[in-house]
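Below, each chain spelled out in residue letters.
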Amino acid sequence: MARVIRRPLLLLAAVSVAIVASLVRPAAAVRPFVLVLSVDDFLKDSSAHPSLPSADSAGADADADEWDDFADDSPAADPLLSPSSWVPLLDPTSSPPSGDEPDSPADSLFVAGARAMLSAASEGDDVAFVTAAAQIEAAATAGHPGAQSALAFLSGAGMTRPASRSRAFLLHKFAADAGDLQSKMAIAYSYFRQEMYEEAVTLYAELAEAALTSSLISKEPPVIEPIRLHSGTEENKEALRKSRGEDDEDFQITEYQAQRGNSAAMYKLGLLYYYGLRGLRRDYVKAFHWFSKAVEKGDTRAMELLGEIYARGAGVERNYTEAYKWLTLAAKQQHYSAYNGLGYLYVKGYGVEKKNLTKAREYFKLAADNKEAGGHYNLGVLYLKGIGVKRDIMEACNHLLQAVNAGQPKAIYQVAKLFQKGIGLKKNLHMATMLYKSVAERGPWSSLSRWALESYLKGDVGKALLLYSRMADLGYEVAQSNAAWILDRYGDQSICMGESGFCTDMERHLRSHALWWQASEQGNEHAALLIGDAYYYGRGVARDYERAAEAYMHAQSQSNAQAMFNLGYMHEHGHGLPLDLHLAKRYYDQAVAVDSAAKLPVMLALTSLWLRKNYADSFLVRFIDSLPDIYPVVEEWVEDVLMDEGNATILTLFACLVTVLYLRERQRRQVAAANPQQPDGAPM
């Protein structure tokens, strides 16, 4: 049962414990990012800017080469295999990580130490973990950037050594200066938390560009479905069930239907493999196979993706003529995303007679007019750089912003650049940093989340915690909340490494608290609620009603009904906030307005307010105020007796008993008022 609710407001609150718990909204996902700008965000005169490229034909051709949906020349090295990558240690099919000297003693120490650390986390072996950390430290001392990055993570978390943010930052800086992209992620996130946007935006811009480049060549899928292990305080069983890849029953049913000739199932299988969804590894060969089968069976949706596969050379030899053929067939079937691909081919002159910017613009416009995000992005680039059209910054911004709100990563990157440089949009480094960060987090280093999830699904909670903690260090909010949730849920198991051996209860509480706090800073309203509860109840930290109120205010600002309910309670009792019954009622009313599930708990709370206002010194009000002292006993009784057995009859009798007690108390007071000479103890 959820424990983040406020103390019961009435004796009848025993009835409402389970109901109030429903106010804890599922944390399956933070609200989607939507960029809303006002007129004030645009520059008044954006017709000229020194940073804009030349609009002459030579400049147009040069600019056309800068943006490339299908990546003609794959980068020589995949950032996935940067020196600090743990993926090759997790995936036996990957090449081993390499530093400047692949066969150096430092490299061998790092690989051995990192592999031993992962193994120790799985087995819950604190002695082996300490030995592995020592190997990593030795490699870091020898200058290995991957070891420096790993040691920075251990130092920041306080694993096998005292926690030190300053030492962690210094080690990440050494690794980043040697080119380690994951340490650059950690440093950028550190700057971001400190609101040092000048420094953060530069790093995140570099990382976002690397993420966009590597997404075309990495076998890992882009981060488009980060899985949250928990829904509120409970395990997110439905999301986890759908993340088991080929072991999922739904996948097996789809596969069976596809093998039996169902074209829709074939298309769905192709999508799952092409994008690497629901726990599957990206497999372009299988995607191509199922898309081809779907087309043979008459499913025209797969035509556009076959065209894209041929254009990218994903699982097949690149063939622009074939790409043009399939994209044309898809366009004839009114699959408007295919117009995007055709427009691109005409911009580059691939698979067609010659470049034709007029035709390209027409195709992009057809796609955009039919709400295709890629069409808006491509039109935005044309107008931004003056390629085949007269440069129009406002028009470019309008198209790019529509693509941004459709979640198009390259559009997010372009708009971030506009904010960073002050082109068309007023310079806003905070906004630029946030946008770059969202793209950078799609980089190949995010693949650790898949291994963390696989470990959790296999019951290897120790390794899952270590991997999520590593990603939390890089600034991933979902990883921060997942790691914190694991610490809270599995705290009695030997999975958390502290300064010396396994975590003490205090170390675990503090680490969980720090992770929830970081997640709350990034918009996780459930995390903010838990931070508020930690301060309210003194769980792992000193009790501080004022800081609890601050955390609830943060969650309330995101329209969270539970936070509104809690703030109402604090105003009702003067805990950390001024005693104000009118303001308490306002918060209770807001909770109902935001979430109808709050209706019954709020009704009970409003009853409490009415009693407090009209019968301030009554027996029932005094009893309500005494409930915090007996609450643990009441809650245990509700859980063990009522909730587990589902005994509604006992619950009803209990409510009736409370009502009788209240009516008898009111009658006694009325009689006493009518007969002032009668002693209080006289029988009625």
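Scoring rules and cut-offs
Going along each chain's sequence as written, the residues are numbered from 1 onward. With pLDDT at 70 or above as the cut-off, local features in this predicted model cover only qualifying residues; side-chain atom pairs require 80 or more to be listed or tallied, and sums for whole chains, interfaces and linings still use all residues. Only hydrogens and water are removed before side-chain values are computed, so all heavy atoms of the structure are retained for them. UniProt positions are given in the numbering used here, feature names are shortened, and annotations may be inferred rather than shown by experiment. The helix count covers DSSP runs of H or I at least four residues long, the strand count covers runs of E at least two residues long, and both are numbered beginning at the N terminus. To sort residues, take the accessible area from a 1.4 Å probe on protein chains only and compare it with the maximum for the residue type: under 20% means buried, over 50% means exposed, and anything in between is partly exposed. Two residues qualify as a contact provided that any one of their heavy atoms is within 4.5 Å of a heavy atom in the partner residue. For accessible areas, the Shrake-Rupley method is used with a probe of radius 1.4 Å. Any residue's cover is judged against the shown protein chains and nothing else. When a carboxyl oxygen of Asp or Glu lies within 4 Å of a side-chain nitrogen of Lys or Arg, that pair is called a salt bridge. Put simply, two rings from Phe, Tyr or Trp (the six-membered ring, in Trp's case) pair if the centres are within 6.5 Å, and we call them stacked under 30 degrees between planes, edge-to-face over 60, tilted for the rest. We call a charge positioned over a ring when the NZ of a Lys or the CZ of an Arg lies within 6 Å of the ring centre and within 35 degrees of the ring normal. Axis geometry follows a simple rule: fit a line to the C-alpha atoms, using only the stretch in contact for helices, then measure angles between N-to-C directions, giving values from 0 to 180 degrees. For this classification, under 35 degrees means roughly parallel, over 145 means roughly antiparallel, 65 to 115 means roughly perpendicular, and everything else is oblique. If you view the pair so one helix is near and one far, a crossing is left-handed when the near helix is turned anticlockwise from the far one by less than a right angle, and right-handed when it is turned clockwise. Lys, Arg, Asp and Glu make up the charged group, whereas Ala, Val, Leu, Ile, Met, Phe, Trp, Tyr, Cys and Pro make up the nonpolar group; the residues left over, Gly among them, are polar. Here, two cysteine sulfur atoms that lie within 2.5 Å of each other are counted as a disulfide. Each residue carries a pLDDT score, the predictor's confidence in it, ranging from 0 to 100. In this description, a nonpolar core means a group of buried Ala, Val, Leu, Ile, Met, Phe, Trp, Tyr and Cys residues linked to one another through side-chain atoms lying within 4.5 Å. What counts as a domain boundary in this text is fixed by an automatic or database domain assignment.

- As recorded in an unreviewed UniProt entry, the chain goes by the name ERAD-associated E3 ubiquitin-protein ligase component HRD3, listed as coming from Panicum miliaceum.
- Under the Sequence similarities (unreviewed entry) heading, UniProt states for the chain: "Belongs to the sel-1 family."

Concerning the overall build of the chain
Here is step 1: The helix and strand tally for the chain stands at 32 helices and two strands.
Here is step 2: Out of the 684 residues belonging to the chain, those deemed buried represent 52%.
Here is step 3: Looking at the chain alone, contacts between residues at least 24 apart form 61% of all its contacts between residues at least 6 apart.
Here is step 4: Put simply, the chain shows about 30,500 Å² of open surface, and 53% of that area lies on carbon and sulfur atoms.

Describing the pattern of salt bridges
Close approach of charged atoms allows side chains with opposite charge to pair.
Here is step 1: Overall, the coordinates contain 18 salt bridges when judged by the stated rule.
Here is step 2: For Arg161, the salt bridge goes to Glu137, with nearest N and O atoms at 3.4 Å. You can see Arg161 sitting in the loop between α6 (145-157) and α7 (165-177) and its partner Glu137 sitting in helix α5 (residues 126-141), a full 24 residues away along the chain.
Here is step 3: Two residues, Arg450 and Glu454, come together in a salt bridge whose shortest N-O distance is 2.7 Å. A residue pair is termed a helical-turn pair when its members lie 3 or 4 positions apart in one helix, as Arg450 and Glu454 do in helix α22 (residues 448-457) at four residues.

Some thoughts on the packing of aromatic side chains
Here is step 1: Per the stated rule, a full pass over the model turns up 21 aromatic pairs.
Here is step 2: Seen in terms of ring centroids, Tyr536 and Tyr545 are 4.9 Å apart; in terms of plane orientation they differ by 50°. Their pairing is tilted.
Here is step 3: Residue class for Tyr545 comes out partly exposed when judged on its relative accessible area of 26%.
Here is step 4: Among the aromatic residues, ring-to-ring pairing joins Tyr267, Tyr274, Tyr275, Tyr284 and Phe291 into one connected group.
Here is step 5: The cationic tip of Arg450 hangs over the ring face of Trp451; the distance from NZ or CZ to the ring centre is 4.3 Å.
Here is step 6: Above the ring of Trp517, the side-chain terminus of Arg547 is found at 5.8 Å from the ring centroid.

Points about unusual backbone geometry
Here is step 1: Positioned with a positive phi, Glu195 is a non-glycine residue whose angle comes to about 60°.
Here is step 2: As for its placement among the helices and strands, Glu195 is situated in the loop between α8 (181-193) and α9 (197-214).
Here is step 3: Positive phi outside glycine occurs at Gln334, with the angle close to 65°.
Here is step 4: Looking at where Gln334 falls in the secondary structure, it is placed in the loop between α15 (320-332) and α16 (337-348).

What about the environment of Pro105?
Here is step 1: With respect to the element layout, Pro105 can be found in helix α4 (residues 105-123).
Here is step 2: As for Pro105 and Ala142, which are separated by 37 residues in sequence, their C-alpha atoms are 8.7 Å apart.

Here we look at the packing of α6 against α7
Here is step 1: In the contact formed by α6 and α7, the axes pass within 8 Å of each other and the chain directions differ by 165°. Compared by their axis directions, α6 and α7 come out roughly antiparallel. Crossing geometry of α6 relative to α7 is assigned as left-handed. Across the interface between the two elements, Pro145, Gln148, Ser149, Leu151, Ala152, Phe153, Ser155 and Gly156 from α6 touch Arg167, Ala168, Leu171, His172, Phe174 and Ala175 from α7.
Here is step 2: Here the contact of α6 with α7 is built from residues that sort into eight nonpolar, five polar and one charged.

Quick notes on the state of the cysteines
Here is step 1: Here the structure, examined in full by the defined rule, presents one disulfide.
Here is step 2: A sulfur-sulfur separation of 1.9 Å characterises the disulfide bridge that pairs Cys496 with Cys503. Between Cys496 and Cys503, the S-S dihedral sits near -60°, and the bridge is therefore left-handed. For the pair formed by Cys496 and Cys503, the shared burial category is buried.

Quick look at the environment of Ser85
Here is step 1: As for its position among the elements, Ser85 is in the loop between α2 (57-66) and α3 (87-90).
Here is step 2: The sequence separation of Ser85 and Ser447 amounts to 362 residues, and the corresponding C-alpha distance is 9.9 Å.

Some details on the confidence of the model for the chain
Here is step 1: Averaged over every residue, the pLDDT of the chain is 78; residues scoring 70 or more account for 74%.
Here is step 2: Counting interchain partners and residues more than four positions distant, the pLDDT-below-50 stretch residues 54-81 has 66 contacts.

What about the nonpolar core?
Here is step 1: Within the largest apolar cluster, 184 residues are counted, with the highest numbers of intra-cluster contacts made by Trp86, Phe129, Tyr204, Phe291, Leu466, Tyr468 and Ile486.
Here is step 2: The element best represented in this core is α9, accounting for ten residues.
Here is step 3: Each of domain 1 (84-90 + 105-222 + 442-487) and domain 2 (230-433) gives at least three residues to this core.
Here is step 4: With near-sequence residues (within four places) excluded, Ile486 lies in contact with Leu229, Tyr456, Val461, Ala464, Leu465, Tyr468, Gly491 and Ile495.

Examining the side chain of Thr254
Here is step 1: Inspection of the secondary structure puts Thr254 in helix α11 (residues 249-259).
Here is step 2: If we skip the residues at most four places from it in the chain, Thr254 touches Ala265, Lys268 and Leu269.

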